[in-house]
Amino acid sequence: MDANWLDGVEEAARHALPAPVHRYIRQGAGASVTAAEAGRSWDRIRFAPHVLRDVTDVDLRTTLLGSDLSTPIGVAPTTFQRAAHPDGEVAMARAAADAGSVMVVSSNAGSTFVDIAGTGVTWWLQAYLSADRTLTEPLLRRAVDAGARAVVLTVDTPVVGTKHDDGPTVWETTDPGWLRVNFDAGYDDLPGAQKALDLGPHDIEWLSSTTGLPVVVKGVLRPDDARRCVQAGAAAVWVSNHGGRQLDRTVASAEVLESVVAAVGGDAEVYVDGGLRSGSDVLAAMALGADAAFLGRLPLWCLAAGEERVLAMHRTLAAQLTEATRLAGLSSPSQAVGVLAPKPPFGP
Ligand code: FNR
(Lines give C-alpha, C1' and ligand atoms only; values in the text may rest on other atoms or scores of the structure.)
Protein backbone atom coordinates (compact mmCIF):
# COMPACT_ATOMS: atom_id res chain seq x y z
CA MET A 1 0.00 0.00 0.00
CA ASP A 2 1.16 3.54 -0.69
CA ALA A 3 2.67 5.29 2.32
CA ASN A 4 0.00 8.00 2.11
CA TRP A 5 -2.95 5.63 1.92
CA LEU A 6 -3.98 6.76 5.42
CA ASP A 7 -4.95 10.13 3.94
CA GLY A 8 -7.68 8.35 1.95
CA VAL A 9 -9.26 6.16 4.65
CA GLU A 10 -12.00 8.59 5.60
CA GLU A 11 -13.13 8.87 2.00
CA ALA A 12 -13.02 5.07 1.61
CA ALA A 13 -15.12 4.70 4.77
CA ARG A 14 -17.63 7.26 3.47
CA HIS A 15 -18.42 4.84 0.66
CA ALA A 16 -18.40 1.76 2.91
CA LEU A 17 -20.52 3.02 5.80
CA PRO A 18 -24.17 4.05 6.06
CA ALA A 19 -24.39 7.88 5.95
CA PRO A 20 -25.49 8.29 9.62
CA VAL A 21 -22.52 6.24 10.84
CA HIS A 22 -20.02 8.15 8.70
CA ARG A 23 -21.50 11.44 9.88
CA TYR A 24 -21.40 10.34 13.53
CA ILE A 25 -17.70 9.48 13.38
CA ARG A 26 -16.73 12.59 11.45
CA GLN A 27 -18.77 15.24 13.22
CA GLY A 28 -17.62 17.85 15.71
CA ALA A 29 -19.76 19.82 18.13
CA GLY A 30 -21.29 23.19 17.28
CA ALA A 31 -19.80 24.71 14.13
CA SER A 32 -16.93 22.14 14.19
CA VAL A 33 -14.29 24.88 14.50
CA THR A 34 -12.19 22.79 16.91
CA ALA A 35 -12.68 19.54 14.99
CA ALA A 36 -11.54 21.24 11.77
CA GLU A 37 -8.35 22.76 13.13
CA ALA A 38 -6.98 19.73 15.01
CA GLY A 39 -4.94 18.29 12.14
CA ARG A 40 -3.47 21.63 11.09
CA SER A 41 -2.27 22.31 14.64
CA TRP A 42 0.30 19.48 14.39
CA ASP A 43 1.57 20.85 11.07
CA ARG A 44 2.74 23.98 12.88
CA ILE A 45 5.26 22.10 15.07
CA ARG A 46 8.84 22.41 13.79
CA PHE A 47 11.80 20.12 14.48
CA ALA A 48 15.49 20.95 14.66
CA PRO A 49 16.93 17.50 13.85
CA HIS A 50 20.26 16.22 15.08
CA VAL A 51 22.88 15.04 12.55
CA LEU A 52 26.05 12.98 12.84
CA ARG A 53 24.34 10.53 15.17
CA ASP A 54 24.11 6.77 14.89
CA VAL A 55 20.51 5.97 13.92
CA THR A 56 21.14 2.37 12.88
CA ASP A 57 18.72 1.08 15.50
CA VAL A 58 15.42 2.80 16.19
CA ASP A 59 13.29 1.44 19.03
CA LEU A 60 9.62 2.41 19.38
CA ARG A 61 9.04 0.28 22.48
CA THR A 62 7.73 1.98 25.57
CA THR A 63 6.17 1.24 28.96
CA LEU A 64 2.91 2.96 29.89
CA LEU A 65 1.55 2.55 33.43
CA GLY A 66 3.72 -0.52 33.84
CA SER A 67 2.63 -2.26 30.60
CA ASP A 68 5.29 -2.98 28.00
CA LEU A 69 4.15 -1.96 24.52
CA SER A 70 5.69 -2.07 21.04
CA THR A 71 4.60 1.45 20.18
CA PRO A 72 3.69 4.74 21.86
CA ILE A 73 0.66 5.01 19.54
CA GLY A 74 -2.57 3.85 21.21
CA VAL A 75 -6.23 3.52 20.26
CA ALA A 76 -8.50 6.11 21.90
CA PRO A 77 -11.93 5.10 23.22
CA THR A 78 -14.71 5.47 20.67
CA THR A 79 -18.39 4.56 20.81
CA PHE A 80 -20.23 2.50 18.17
CA GLN A 81 -17.32 0.45 16.84
CA ARG A 82 -19.87 -2.24 15.92
CA ALA A 83 -21.54 0.29 13.63
CA ALA A 84 -18.21 0.63 11.78
CA HIS A 85 -17.79 -3.16 11.53
CA PRO A 86 -19.85 -6.08 12.90
CA ASP A 87 -16.83 -7.36 14.85
CA GLY A 88 -16.44 -3.90 16.41
CA GLU A 89 -14.22 -3.68 19.49
CA VAL A 90 -13.04 -7.29 19.15
CA ALA A 91 -11.60 -6.62 15.67
CA MET A 92 -10.08 -3.37 16.92
CA ALA A 93 -8.56 -5.25 19.86
CA ARG A 94 -7.11 -8.05 17.71
CA ALA A 95 -5.34 -5.52 15.52
CA ALA A 96 -4.04 -3.59 18.54
CA ALA A 97 -2.83 -6.85 20.11
CA ASP A 98 -0.96 -7.81 16.92
CA ALA A 99 0.62 -4.36 16.81
CA GLY A 100 1.57 -4.35 20.50
CA SER A 101 -0.50 -1.20 21.01
CA VAL A 102 -2.72 -0.30 23.97
CA MET A 103 -6.47 -0.04 23.35
CA VAL A 104 -8.77 2.08 25.48
CA VAL A 105 -12.26 0.55 25.53
CA SER A 106 -15.21 2.92 25.71
CA SER A 107 -17.68 2.29 28.51
CA ASN A 108 -20.26 2.47 25.68
CA ALA A 109 -18.67 -0.57 23.98
CA GLY A 110 -20.91 -3.01 22.13
CA SER A 111 -18.63 -6.01 22.83
CA THR A 112 -18.12 -7.57 26.25
CA PHE A 113 -14.96 -6.90 28.21
CA VAL A 114 -14.38 -10.66 28.35
CA ASP A 115 -14.45 -10.96 24.53
CA ILE A 116 -12.16 -7.95 24.12
CA ALA A 117 -9.73 -9.26 26.74
CA GLY A 118 -9.80 -12.67 25.01
CA THR A 119 -7.77 -11.18 22.15
CA GLY A 120 -4.82 -10.77 24.50
CA VAL A 121 -4.73 -7.00 23.99
CA THR A 122 -3.41 -4.65 26.66
CA TRP A 123 -6.51 -2.62 27.42
CA TRP A 124 -7.75 0.14 29.68
CA LEU A 125 -11.36 0.97 30.51
CA GLN A 126 -12.68 4.45 29.71
CA ALA A 127 -15.36 5.49 32.18
CA TYR A 128 -17.82 8.30 32.75
CA LEU A 129 -19.10 8.58 36.30
CA SER A 130 -22.82 8.64 37.01
CA ALA A 131 -24.49 11.16 39.32
CA ASP A 132 -24.89 8.28 41.77
CA ARG A 133 -21.31 6.98 41.73
CA THR A 134 -22.27 3.59 43.15
CA LEU A 135 -24.21 2.77 39.96
CA THR A 136 -20.87 2.74 38.07
CA GLU A 137 -19.40 0.09 40.36
CA PRO A 138 -20.65 -3.05 38.53
CA LEU A 139 -19.12 -1.77 35.26
CA LEU A 140 -15.83 -1.06 37.01
CA ARG A 141 -15.84 -4.48 38.66
CA ARG A 142 -16.45 -6.23 35.33
CA ALA A 143 -13.53 -4.37 33.77
CA VAL A 144 -11.18 -5.19 36.65
CA ASP A 145 -12.24 -8.86 36.59
CA ALA A 146 -11.64 -9.02 32.83
CA GLY A 147 -8.11 -7.65 33.19
CA ALA A 148 -8.23 -3.91 32.46
CA ARG A 149 -4.85 -2.46 33.42
CA ALA A 150 -6.01 1.13 34.01
CA VAL A 151 -9.15 3.23 34.12
CA VAL A 152 -9.46 6.38 32.04
CA LEU A 153 -11.86 8.94 33.52
CA THR A 154 -13.25 11.24 30.84
CA VAL A 155 -13.81 14.63 32.47
CA ASP A 156 -14.77 16.86 29.54
CA THR A 157 -18.33 15.54 29.16
CA PRO A 158 -20.62 16.72 31.98
CA VAL A 159 -23.16 16.89 29.14
CA VAL A 160 -22.76 15.68 25.57
CA GLY A 161 -21.91 18.60 23.24
CA THR A 162 -24.63 19.30 20.66
CA LYS A 163 -23.91 18.01 17.16
CA HIS A 164 -25.93 19.06 14.14
CA ASP A 165 -27.09 16.25 11.89
CA ASP A 166 -28.53 16.93 8.46
CA GLY A 167 -30.22 13.55 8.35
CA PRO A 168 -31.14 10.60 10.58
CA THR A 169 -28.68 10.00 13.43
CA VAL A 170 -26.76 6.86 14.23
CA TRP A 171 -28.81 6.58 17.43
CA GLU A 172 -32.01 6.34 15.40
CA THR A 173 -30.73 3.97 12.73
CA THR A 174 -28.40 1.40 14.29
CA ASP A 175 -28.94 -1.59 16.52
CA PRO A 176 -29.20 -0.49 20.18
CA GLY A 177 -27.60 -3.86 21.06
CA TRP A 178 -24.30 -2.48 19.70
CA LEU A 179 -23.99 -0.21 22.71
CA ARG A 180 -23.30 -0.41 26.43
CA VAL A 181 -23.38 -4.19 26.73
CA ASN A 182 -21.18 -4.11 29.84
CA PHE A 183 -23.80 -2.30 31.92
CA ASP A 184 -26.56 -4.02 33.88
CA ALA A 185 -29.84 -4.26 31.95
CA GLY A 186 -32.02 -1.21 32.64
CA TYR A 187 -29.06 0.85 33.90
CA ASP A 188 -29.89 3.98 31.89
CA ASP A 189 -33.38 4.21 33.41
CA LEU A 190 -32.17 4.16 37.01
CA PRO A 191 -32.41 7.40 38.98
CA GLY A 192 -28.86 8.78 39.28
CA ALA A 193 -27.56 7.05 36.13
CA GLN A 194 -27.11 10.33 34.24
CA LYS A 195 -23.57 11.71 33.86
CA ALA A 196 -22.25 13.43 36.98
CA LEU A 197 -22.29 17.24 36.85
CA ASP A 198 -20.24 17.54 40.04
CA LEU A 199 -17.00 15.72 39.24
CA GLY A 200 -14.06 16.75 41.39
CA PRO A 201 -10.55 15.65 42.29
CA HIS A 202 -12.05 13.37 44.98
CA ASP A 203 -13.49 11.24 42.15
CA ILE A 204 -9.94 10.42 41.03
CA GLU A 205 -9.19 9.10 44.51
CA TRP A 206 -12.53 7.26 44.62
CA LEU A 207 -11.89 5.60 41.24
CA SER A 208 -8.41 4.60 42.26
CA SER A 209 -9.50 3.02 45.54
CA THR A 210 -12.60 1.39 44.01
CA THR A 211 -10.70 -0.29 41.17
CA GLY A 212 -7.17 -0.59 42.53
CA LEU A 213 -6.04 0.53 39.06
CA PRO A 214 -3.99 3.52 37.94
CA VAL A 215 -6.31 6.39 36.97
CA VAL A 216 -5.82 8.39 33.78
CA VAL A 217 -7.71 11.70 33.51
CA LYS A 218 -8.81 12.37 29.91
CA GLY A 219 -9.85 15.77 28.64
CA VAL A 220 -7.40 18.08 30.42
CA LEU A 221 -6.35 21.25 28.56
CA ARG A 222 -4.97 23.50 31.30
CA PRO A 223 -1.77 23.31 33.37
CA ASP A 224 -3.65 24.22 36.58
CA ASP A 225 -6.14 21.37 36.08
CA ALA A 226 -3.31 18.98 35.22
CA ARG A 227 -1.67 19.82 38.53
CA ARG A 228 -4.95 19.21 40.42
CA CYS A 229 -5.19 15.78 38.77
CA VAL A 230 -1.66 14.87 39.82
CA GLN A 231 -2.26 16.08 43.37
CA ALA A 232 -5.38 13.89 43.53
CA GLY A 233 -3.33 10.84 42.58
CA ALA A 234 -3.77 10.59 38.78
CA ALA A 235 -1.19 8.28 37.23
CA ALA A 236 -1.53 10.03 33.87
CA VAL A 237 -3.09 13.14 32.37
CA TRP A 238 -4.54 12.94 28.85
CA VAL A 239 -4.59 16.19 26.89
CA SER A 240 -7.68 16.10 24.68
CA ASN A 241 -10.60 18.17 23.45
CA HIS A 242 -12.56 14.98 22.67
CA GLY A 243 -11.88 15.29 18.95
CA GLY A 244 -13.72 18.64 18.90
CA ARG A 245 -16.92 16.91 20.00
CA GLN A 246 -17.50 18.78 23.25
CA LEU A 247 -17.03 22.57 23.68
CA ASP A 248 -16.52 24.02 20.22
CA ARG A 249 -13.79 26.69 19.90
CA THR A 250 -11.75 24.79 22.46
CA VAL A 251 -8.01 25.16 21.96
CA ALA A 252 -6.15 22.45 20.00
CA SER A 253 -4.30 19.83 22.07
CA ALA A 254 -1.05 20.68 20.26
CA GLU A 255 -1.28 24.28 21.50
CA VAL A 256 -1.44 23.41 25.20
CA LEU A 257 0.44 20.13 25.47
CA GLU A 258 3.82 21.64 26.33
CA SER A 259 2.38 23.73 29.18
CA VAL A 260 0.59 20.70 30.63
CA VAL A 261 3.78 18.64 30.45
CA ALA A 262 5.62 21.41 32.32
CA ALA A 263 2.91 21.57 35.03
CA VAL A 264 2.92 17.79 35.51
CA GLY A 265 6.67 18.00 35.92
CA GLY A 266 7.31 14.28 35.54
CA ASP A 267 4.96 13.36 38.43
CA ALA A 268 2.62 11.48 36.05
CA GLU A 269 2.58 10.30 32.45
CA VAL A 270 1.11 12.63 29.82
CA TYR A 271 -0.83 11.49 26.75
CA VAL A 272 -2.42 13.43 23.93
CA ASP A 273 -5.00 12.98 21.18
CA GLY A 274 -6.79 15.07 18.57
CA GLY A 275 -6.08 15.20 14.86
CA LEU A 276 -3.00 12.94 14.82
CA ARG A 277 -2.83 11.24 11.44
CA SER A 278 0.82 10.31 10.76
CA GLY A 279 4.09 9.22 12.33
CA SER A 280 5.38 12.80 12.02
CA ASP A 281 2.37 14.03 14.01
CA VAL A 282 3.25 11.52 16.73
CA LEU A 283 6.88 12.66 16.75
CA ALA A 284 5.61 16.25 17.09
CA ALA A 285 3.46 15.21 20.06
CA MET A 286 6.42 13.52 21.71
CA ALA A 287 8.65 16.52 20.96
CA LEU A 288 6.14 18.57 22.98
CA GLY A 289 6.62 16.09 25.83
CA ALA A 290 3.87 13.49 25.45
CA ASP A 291 4.67 9.93 26.55
CA ALA A 292 2.10 8.51 24.12
CA ALA A 293 -0.32 9.61 21.40
CA PHE A 294 -3.81 8.21 20.84
CA LEU A 295 -5.96 8.07 17.72
CA GLY A 296 -9.77 8.10 17.62
CA ARG A 297 -11.18 8.50 14.13
CA LEU A 298 -8.31 7.06 12.09
CA PRO A 299 -8.62 3.49 13.44
CA LEU A 300 -12.42 3.75 13.14
CA TRP A 301 -12.18 4.67 9.46
CA CYS A 302 -9.86 1.69 8.99
CA LEU A 303 -12.16 -0.59 10.99
CA ALA A 304 -14.87 0.05 8.40
CA ALA A 305 -12.72 -2.13 6.10
CA GLY A 306 -12.00 -4.72 8.82
CA GLU A 307 -9.33 -5.82 11.22
CA GLU A 308 -6.60 -6.24 8.58
CA ARG A 309 -6.91 -2.57 7.62
CA VAL A 310 -6.56 -1.51 11.26
CA LEU A 311 -3.42 -3.63 11.58
CA ALA A 312 -2.08 -2.08 8.35
CA MET A 313 -2.69 1.35 9.92
CA HIS A 314 -0.64 0.40 12.98
CA ARG A 315 2.18 -0.92 10.79
CA THR A 316 2.21 2.14 8.55
CA LEU A 317 2.22 4.53 11.51
CA ALA A 318 5.06 2.56 13.12
CA ALA A 319 7.05 2.72 9.87
CA GLN A 320 6.40 6.47 9.55
CA LEU A 321 7.36 7.09 13.18
CA THR A 322 10.53 5.03 12.75
CA GLU A 323 11.50 7.05 9.68
CA ALA A 324 10.74 10.40 11.32
CA THR A 325 12.69 9.40 14.44
CA ARG A 326 15.70 8.37 12.34
CA LEU A 327 15.56 11.56 10.27
CA ALA A 328 15.46 13.56 13.51
CA GLY A 329 18.75 11.95 14.51
CA LEU A 330 17.23 9.92 17.36
CA SER A 331 17.14 6.26 18.24
CA SER A 332 13.80 6.50 20.07
CA PRO A 333 10.84 8.88 19.83
CA SER A 334 11.05 9.14 23.62
CA GLN A 335 14.06 11.40 23.04
CA ALA A 336 12.05 13.76 20.81
CA VAL A 337 11.79 16.61 23.34
CA GLY A 338 15.34 17.48 22.32
CA VAL A 339 14.43 18.11 18.66
CA LEU A 340 11.66 20.65 19.19
CA ALA A 341 12.76 23.80 17.34
CA PRO A 342 12.96 26.95 19.47
CA LYS A 343 10.03 29.36 18.94
CA PRO A 344 9.97 31.39 16.75
CA PRO A 345 12.05 29.11 14.52
CA PHE A 346 15.67 30.10 15.13
CA GLY A 347 14.83 33.67 16.21
CA PRO A 348 14.35 36.78 14.09
C1 FNR B 1 -15.04 9.62 20.59
N2 FNR B 1 -14.38 9.96 21.78
C3 FNR B 1 -14.75 9.34 22.97
N4 FNR B 1 -14.08 9.63 24.12
C5 FNR B 1 -14.41 9.02 25.28
O6 FNR B 1 -13.77 9.30 26.30
N7 FNR B 1 -15.43 8.08 25.31
C8 FNR B 1 -16.15 7.75 24.20
O9 FNR B 1 -17.03 6.89 24.26
C10 FNR B 1 -15.82 8.42 22.98
N11 FNR B 1 -16.54 8.16 21.84
C12 FNR B 1 -16.13 8.73 20.64
C13 FNR B 1 -16.78 8.38 19.46
C14 FNR B 1 -16.34 8.87 18.24
C15 FNR B 1 -17.02 8.47 16.97
C16 FNR B 1 -15.23 9.75 18.20
C17 FNR B 1 -14.69 10.26 16.88
C18 FNR B 1 -14.61 10.12 19.36
C19 FNR B 1 -13.20 10.86 21.75
C20 FNR B 1 -11.93 10.08 21.44
O21 FNR B 1 -11.57 9.25 22.52
C22 FNR B 1 -10.73 11.01 21.15
O23 FNR B 1 -10.60 11.93 22.21
C24 FNR B 1 -10.82 11.76 19.83
O25 FNR B 1 -11.49 11.01 18.84
C26 FNR B 1 -9.40 12.10 19.33
O27 FNR B 1 -9.42 12.81 18.15
P28 FNR B 1 -9.22 12.16 16.69
O29 FNR B 1 -8.07 11.19 16.76
O30 FNR B 1 -10.51 11.49 16.35
O31 FNR B 1 -8.93 13.33 15.83
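Since we're looking at a predicted model, the values are computed, not measured.

Enquirer: Sorry, what's going on with the site of the ligand here?
Expert: Near the ligand there are 24 residues, and of these P77, T79, S106, T154 and D273 occur at the shortest range. A distance of 2.8 Å separates an oxygen atom of the ligand from a polar side-chain atom of T154. Between G275 and the ligand, the recorded distance is 2.8 Å, taken from a backbone N or O atom to an oxygen atom. In the complex, 98% of the free accessible area of the ligand, which totals 600 Å², lies under the protein chains. Of the pockets mapped on this structure, the ligand occupies the largest pocket. Elements supplying a minimum of two residues to the shell around the ligand: α2 (19-26) and α13 (297-303). Within the shell around the ligand, the residues separate by chemical class into seven nonpolar, 12 polar and five charged.

Enquirer: Looking at this structure, I do not really get the pairing of strand β8 (residues 236-239). What am I missing?
Expert: Both faces of the sheet carry side chains from a regular strand, because those side chains alternate between them. Residues A236 and W238 point to one face of β8 and V237 and V239 to the other, with burial holding for every one of them. Bridge count between strand β7 (residues 215-220) and β8: four bridges; the pairing is parallel. Across the sheet, the residue bridging to V217 is V237, located in β8. A crossover connection joins β7 to the parallel β8 through helix α10 (residues 223-231); in handedness this β-α-β unit is right-handed. The pairing of β8 with strand β9 (residues 269-273) spans four bridges and is classified as parallel. Looking at β9, one finds that V237 is bridged to V270. Handedness of the crossover is the feature at issue here: the chain leaves β8, passes through helix α11 (residues 253-264), returns alongside β9, and the resulting connection is right-handed.

Rules and cut-offs
Residues numbered from 1 in each chain as written. Predicted model: local features only at pLDDT ≥ 70, side-chain atom pairs only at ≥ 80, totals over all residues. Heavy atoms only, no water. Near = heavy atom within 4 Å. Polar contact = N/O pair within 3.5 Å; in protein donor to acceptor, adjacent residues only side chain to side chain. Areas by Shrake-Rupley, 256 points an atom, 1.4 Å probe, with all protein chains shown as cover. 1 Å grid on protein atoms, 1.4 Å probe; cavity = no way out; pocket = protein on both sides within 12 Å on 5 of 7 lines; lining within 4 Å. Sits in = over half its atoms within 2 Å of the grid points. Helix = DSSP H or I, 4+ residues; strand = E, 2+ residues; numbered from the N terminus. Nonpolar A, V, L, I, M, F, W, Y, C, P; charged D, E, K, R; others polar. Buried < 20%, exposed > 50% of the residue type's maximum accessible area, 1.4 Å probe, protein only. Pairing = 2+ DSSP bridges. Right-handed = clockwise from strand over helix to strand, strands pointing away.

Take it as geometry only, folks, not as evidence of what the structure does.
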